[in-house]
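Understanding the architecture of this molecule
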Amino acid sequence: NRPQAFVLAGNWDLPFGKNRSIGANVPGWVNQVIGGFALNGSLTWQKGLPFTPSYSSCGTDNDLGICFLNKTAVTAELSRGSLDPIAHKVKFFTASPYVLGGGNPNTFGAFARPAAGTFGNAGRDSLFGPSLFNTDLSVAKSFNFTERLVFQLRAEAFNVFNHVNLGQPDSCVDCQDGNAGYISSTIGSQDGTSMRRLQFAARLQF
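Reference entry: report on the structure contained in this document. Keep in mind that what you see is a predicted model, and the values were worked out from it rather than measured. (Residues numbered from 1 in each chain as written. Predicted model: local features only at pLDDT ≥ 70, side-chain atom pairs only at ≥ 80, totals over all residues. Heavy atoms only, no water.)

Assigned secondary structure in the protein consists of 2 helices and 13 strands. Each principal axis of the C-alpha distribution contributes one length, and for the protein these read about 85 × 35 × 25 Å. For the protein, buried positions account for 34% of its 206 residues. Considering only residue pairs separated by 6 or more positions, the protein has 69% of its internal contacts joining residues 24 or more positions apart. Only carbon and sulfur atoms are counted for the fraction: they give 56% of the accessible area of the protein, which is about 12300 Å². The average position of the 16 basic charges and that of the 13 acidic charges among the side chains of the protein differ by 12 Å. (Helix = DSSP H or I, 4+ residues; strand = E, 2+ residues; numbered from the N terminus. Buried < 20%, exposed > 50% of the residue type's maximum accessible area, 1.4 Å probe, protein only. Contact = heavy atoms within 4.5 Å. Areas by Shrake-Rupley, 256 points an atom, 1.4 Å probe, with all protein chains shown as cover. Lys, Arg positive; Asp, Glu negative; His and termini not counted. Charge placed at Lys NZ, Arg CZ, Asp CG, Glu CD.)

Here is the structure:
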């Protein structure tokens, strides 16, 4: 459930070689060198996935494990911070410096601890994690040996710009373990969301 998504994909046969705008009348051997190139790519930009903010004393307030907080008049501030090179994590929101309630203030920022035996009104999946950005690109070179026999070499790059797509944050707003509000993982491990991956292929078409 990503609220916005944008995908752009395209193919471009480069204008070099026989029957092209550049080098239309070159000899056959020159055409084999400069012709037959194609670029293929896709760009994906999506808003983040939803997550549910929780709190440390949920088990004390109810025995169902449904940790819905109450909302306050303050808007939750969510933004991707800089990487902590020592702890290897990224701050996404500011967590409470104290456990909500139990002798401490019952609120912090955008959230408040609900009364015992009640569910808060913040609701399930009320916040969204970091966005996803990915660009894939391939370069292909075709060699036309005969009218029907074509040999193609391809180089493909998934996440060509090596953009880091972060996972979800630790959603506890008042846990005191040092991880609340921080992201310590990347999203998925498949091509397109992992770090840049290269793939090479050869194809014979007849």
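Here the narrative resumes, following the displayed structure.
On to the sheet that holds strand β4 (residues 70-71). Strand order in the open sheet formed by 3 strands is β4-β8-β7, with antiparallel pairing between adjacent strands. Edge positions in the open sheet fall to β4 and β7 (107-108), since each of these has one partner strand only. Examined bridge by bridge, β4 and strand β8 (residues 111-112) share 2 bridges and lie antiparallel to one another. What sits directly across from asparagine 70, in β8, is alanine 112. (Pairing = 2+ DSSP bridges.)

The next subject is unusual backbone geometry. If you check the backbone angles, histidine 88 has positive phi at about 55 degrees while not being a glycine. Its location among the elements puts histidine 88 in the loop between β5 (83-84) and β6 (89-91). The exposure class of histidine 88 is exposed, given its relative accessible area of 56%. The backbone of asparagine 162 sits at a positive phi, close to 55 degrees, despite the residue not being glycine. Secondary-structure assignment places asparagine 162 in the loop between β11 (150-158) and β12 (182-183).

We now examine a nonpolar patch on the surface. Side chains of Phe16, Ile22, Trp29, Val33 and Ile34 sit close together on the surface and give an oily, nonpolar patch of about 500 Å² of accessible area. In this structure isoleucine 34 comes out as partly exposed when scored by relative accessible area, which is 30%. (Patch = residues over 30% accessible without salt bridge, like charges linked within 9 Å, V, L, I, M, F, W, Y side chains within 5 Å. Salt bridge = Lys/Arg side-chain N within 4 Å of Asp/Glu carboxyl O.)

Under the criterion given, the structure shown has 3 salt bridges. Note that aspartate 61 and arginine 113 form a salt bridge whose closest N and O atoms lie 2.9 Å from each other. Here aspartate 61 is found in helix α2 (residues 58-61), whereas its partner arginine 113 is found in the loop between β8 and β9 (127-128), with 52 residues between them in sequence. Glutamate 156 is the salt-bridge partner of arginine 154, the closest N and O atoms lying 3.1 Å from each other.

So, on to the sheet that holds β11. Pairing in this open sheet of 5 strands is antiparallel, and the strands run β1-β2-β10-β11-β13 from one edge to the other. Only two strands of the sheet have a single partner each, and these edge strands are β1 (5-13) and β13 (197-205). On average, each strand axis in the sheet is tilted by 10 degrees relative to the strand beside it, whichever way the strands run. (Axes fitted to C-alpha atoms, helices over the stretch in contact; angles between N-to-C directions.)

So, about the packing of aromatic side chains. Counted under the stated rule, the structure contains 2 aromatic pairs. Where tyrosine 98 meets phenylalanine 108, the ring centres are 6.0 Å apart and the plane angle is 90 degrees; that geometry is what we call edge-to-face. With tyrosine 98 in the loop between β6 and β7 and phenylalanine 108 in strand β7, this pair connects stretches of sequence that are 10 residues apart. Exposure remark for phenylalanine 108: the relative accessible area of 27% places this residue in the partly exposed category. Across from the ring centre of phenylalanine 37, 5.2 Å away, lies the NZ or CZ of lysine 141, which sits over that ring. The aromatic ring of phenylalanine 143 is capped on one face by lysine 141, whose charged end is 4.0 Å from the ring centroid. (Phe/Tyr/Trp six-rings, centres within 6.5 Å; stacked < 30°, edge-to-face > 60°. Lys NZ or Arg CZ within 6 Å of the ring centre and 35° of its normal.)

Honestly, that's just the spatial picture; any functional story needs more than this.
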